[in-house]
Amino acid sequence: MTKPRKWKTLKSDTVYQTPIFDLHRRRAAHPRRGERDFFILDAPHWVNIIPLTRNREVVMIRQWRHGIGGFTLEVPGGMVDPTDRSPAHAARREMIEETGFDSKSIFELGRVHPNPAFQGNVCFSYFARNVRRIGEPQWTPSEETEAVLVPLRKIKGLIASRTIMHALTIAAFSFLQIYNPPRRATR
């Protein structure tokens, strides 16, 4: 069996631009496979965060998603904006904006590549302990969303019953289950 070899990018052109991603055509060469075009979605890094109250309730979002034409049950999250100091800052900002809850204790749980076949970005998952309501959610005009409290003990069942199907939310809960959570805050 031969060892896999890397592809070498020869050139990359922007084919299409949107507010949330750009589509690039990447021409690449391989020593055994020749030259080919690949299409890459170039998106900012993403974050999500599991906010947990003192009563062990997860502050989740029920949100209309145009990609599936329906509502999802997911944890707060979004893009890391250019003005964010760090992914942790972005996660906290998203939690406050989408739920009106905040925490002084935020931990990084882990990182995943959402779809490395055609995306290069990373989704950072965080955990916020002992969240408390500090205000009302601040949704954008394009969001149809409500914040809901879900007992942590019910999360596994909601995933098993396909009530929670957002892959990045499931990844965050998987990290929480594995690390349970780490002890150092990343604020």
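Residues numbered from 1 in each chain as written. Predicted model: local features only at pLDDT ≥ 70, side-chain atom pairs only at ≥ 80, totals over all residues. Heavy atoms only, no water.

1. Quick word on helix H1 (residues 87-99)
(1) Moving on: Between its first and last C-alpha, H1 extends 18 Å over 13 residues, near the 18 Å set by a 1.5 Å rise per residue.
(2) Moving on: Just beyond H1, the residue with positive phi is glycine 100, at close to 80 degrees. (Helix = DSSP H or I, 4+ residues; strand = E, 2+ residues; numbered from the N terminus. Expected span 1.5 Å × (residues − 1).)

2. With respect to the pairing of strand E3 (residues 34-42)
(1) Moving on: Relative to E3, strand E2 (residues 22-30) runs antiparallel, the two being bridged by nine bridges. Across the sheet, residue leucine 23 finds its bridge partner in E3, namely leucine 41.
(2) Moving on: Hairpin connection from E2 to E3: three residues lie between these consecutive antiparallel strands. (Pairing = 2+ DSSP bridges.)

3. So, the sheet that holds strand E1 (residues 8-17)
(1) Moving on: Spatially, the three strands line up as an open sheet ordered E1-E2-E3, and their pairing is antiparallel. At either end of the open sheet lies a strand with only one pairing partner, and these are E1 and E3. Neighbour to neighbour, the strand axes of the sheet diverge by 20 degrees on average, direction disregarded.
(2) Moving on: Here E1 runs beside E2; their pairing, made up of eight bridges, is antiparallel. Directly across from threonine 14, in E2, lies its bridge partner histidine 24. (Axes fitted to C-alpha atoms, helices over the stretch in contact; angles between N-to-C directions.)

4. Structural notes on a nonpolar patch on the surface
(1) Moving on: Residues Val15, Tyr16 and Phe39 make up a contiguous nonpolar surface patch of about 310 Å² in total accessible area.
(2) Moving on: Here phenylalanine 39 is to be found in strand E3.
(3) Moving on: Judged by relative accessible area, which is 44%, phenylalanine 39 ranks as partly exposed. (Patch = residues over 30% accessible without salt bridge, like charges linked within 9 Å, V, L, I, M, F, W, Y side chains within 5 Å. Areas by Shrake-Rupley, 256 points an atom, 1.4 Å probe, with all protein chains shown as cover. Salt bridge = Lys/Arg side-chain N within 4 Å of Asp/Glu carboxyl O. Buried < 20%, exposed > 50% of the residue type's maximum accessible area, 1.4 Å probe, protein only.)

5. Re the packing of aromatic side chains
(1) Moving on: Summed over the entire model, instances satisfying the criterion amount to three aromatic pairs.
(2) Moving on: Between tryptophan 7 and phenylalanine 38, the aromatic rings sit 5.0 Å apart at their centres with planes inclined by 80 degrees, giving edge-to-face as the arrangement. Of this pair, tryptophan 7 sits in the segment before E1 while phenylalanine 38 sits in strand E3, and the two are 31 residues apart along the sequence.
(3) Moving on: Given the relative accessible area of 35%, tryptophan 7 is considered partly exposed.
(4) Moving on: On the basis of an interplanar angle of 80 degrees and a centroid distance of 5.3 Å, the ring pair of tryptophan 64 and phenylalanine 71 is categorised as edge-to-face.
(5) Moving on: Classification of tryptophan 64 as partly exposed rests on a relative accessible area of 32%.
(6) Moving on: Over the ring of phenylalanine 71 we find arginine 62; its NZ or CZ atom is 4.1 Å from the centre of that ring. (Phe/Tyr/Trp six-rings, centres within 6.5 Å; stacked < 30°, edge-to-face > 60°. Lys NZ or Arg CZ within 6 Å of the ring centre and 35° of its normal.)

6. Examining the nonpolar core
(1) Moving on: Counting 18 residues, the largest nonpolar core has Ile50, Val58, Met60, Ile155 and Phe173 as the members making the most contacts within it.
(2) Moving on: No other element matches the four residues that helix H3 (residues 167-179) contributes to this core.
(3) Moving on: Setting aside residues no more than four positions away along its own chain, isoleucine 155 makes contact with Val58, Met60, Val150, Ile164 and Phe173.
(4) Moving on: Judged by nonpolar contacts, the second largest core, of 15 residues, contains Val80, Ala90, Phe101 and Ala128. (Core = buried A, V, L, I, M, F, W, Y, C linked by side-chain atoms within 4.5 Å. Contact = heavy atoms within 4.5 Å.)

7. As for the side chain of serine 103
(1) Moving on: Relative to the elements of secondary structure, serine 103 occurs in the loop between strand E8 (101-102) and strand E9 (105-112).
(2) Moving on: Side-chain polar atoms of serine 103 contact the backbone nitrogen of serine 105, separated by 2.9 Å.
(3) Moving on: A distance of 2.6 Å separates the side chain of serine 103 from the backbone oxygen of arginine 129, its partner in a polar contact. (Polar contact = N/O pair within 3.5 Å; in protein donor to acceptor, adjacent residues only side chain to side chain.)

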